[in-house]
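Structure at a glance
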Amino acid sequence: MQLCLTAPELGCIALHDTLSGILRGLEHYDARFFAHRVPGDIDYQLLIPVPETTLGIDYILAYLTELHCELRFLARFPRHRVLALLDGMSTRWRELVCNLCAPVANNALGLAMLDANPLRLHISDGQRKGLAELLSPMTEGMIESRLLVCSNKLTVGLFSGDTSMARLLSAQARDFAPGLYAAAQTGDLSHVFFSFGLPHGMRGTQKSSQANHAGR
């Protein structure tokens, strides 16, 4: 349960509330009469969900094991790049009930396809165009196979073959394939490989600056 106290503060409300809720729930957990109940409210969605047949404290242990894996994955990338990518996905990601690993894994997989540095996370317009040209002739099955090859490349290159990371990345590769295939058919990958957004707190400054220029 140490993770509930030591997890990095990323600014995600759902993650924060989930960890706080687990701690509160454990304080009142009745293992004798209500062992089947899951202590706390789970808002944050995992990449690999815990089976619904898992109950009580077993669910919490399995959930925290998966969450620890996801946080280790995120920690492998420069924090400012992770946050910039999430800001590019949505300016409201901190308030949304969404998984933080998925867009990071997706961009890393895309960069791996191009033999570019996955730690950068940023995919330029030119790189998106190159990926669209590479992927548009492929079937969904071919894209999934390519993503799985890239997931293995990331596992070996970034995580020294860690089996838990292999499981996480291969699961995301399979989950990503249908959406990537659909996007490739349109030729527009901007909604599957996100650009970096403005850092949190700077958007208001930019709007103020634009307003000042407009008033001159």
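Everything in this summary refers to the structure shown in the same document. Counting starts from 1 at the beginning of each chain's written sequence and moves along it residue by residue. Owing to the predicted nature of the model, reporting of local features is limited to residues with pLDDT of at least 70; listing and counting of side-chain atom pairs is limited to 80 or more, with chain, interface and lining totals taken over all residues. Each side-chain value is derived from all of the structure's non-hydrogen atoms; neither hydrogens nor water enter the calculation.

1. Quick look at the pattern of salt bridges
For side chains bearing opposite charge, pairing can occur when the charged atoms are close. How we decide: Note on definitions: salt bridges are taken to be side-chain nitrogens of Lys or Arg within 4 Å of carboxyl oxygens of Asp or Glu. Counting from the N terminus, the helices are DSSP H or I runs at least four residues long and the strands are E runs at least two residues long. Exposure is judged per residue with a 1.4 Å probe applied to protein chains only, and the accessible area is read against the type maximum: over 50% gives exposed, under 20% gives buried, and values in between give partly exposed.
What the rule picks out here adds up to six salt bridges. A salt bridge links Asp162 to Arg72; the nearest nitrogen and oxygen atoms lie 3.2 Å apart. Here the residue Asp162 occupies a position in the loop between α7 (140-159) and α8 (163-186), and Arg72 occupies one in helix α3 (residues 56-75), the gap between them amounting to 90 residues. With its nearest N and O atoms 2.6 Å apart, the salt bridge here joins Asp125 to Arg128. Of the two residues, Asp125 and Arg128 both sit in helix α6 (residues 125-135), three residues apart, roughly one turn of that helix. Taking the relative accessible area as the measure of exposure, Asp125 reaches 60% and is therefore exposed.

2. Brief notes about the packing of α3 against helix α5 (residues 101-113)
The following threshold applies: As a rule, the C-alpha atoms of each element are fitted with a line to give its axis, helices using only the stretch in contact, and angles between N-to-C directions run from 0 to 180 degrees. We call two directions roughly parallel when the angle between them is under 35 degrees, roughly antiparallel when it is over 145, roughly perpendicular when it lies between 65 and 115, and oblique otherwise. Each crossing gets its hand from how the near helix is turned against the far one by less than a right angle, where anticlockwise is left-handed and clockwise is right-handed. Contacts: residue pairs with any heavy atoms within 4.5 Å of one another. As a working rule, the residues Ala, Val, Leu, Ile, Met, Phe, Trp, Tyr, Cys and Pro are called nonpolar, Asp, Glu, Lys and Arg charged, and the rest polar, with Gly in that last group.
Axis separation between α3 and α5 bottoms out at 10 Å; the angle between their running directions is 50°. Our classification of the angle between α3 and α5 gives oblique. Regarding α3 and α5, the two cross each other, and that crossing is left-handed. Where α3 abuts α5, its residues Glu70, Phe73 and Leu74 lie against Cys101, Val104 and Ala105. Partitioning the contact of α3 with α5 into residue classes produces five nonpolar, no polar and one charged.

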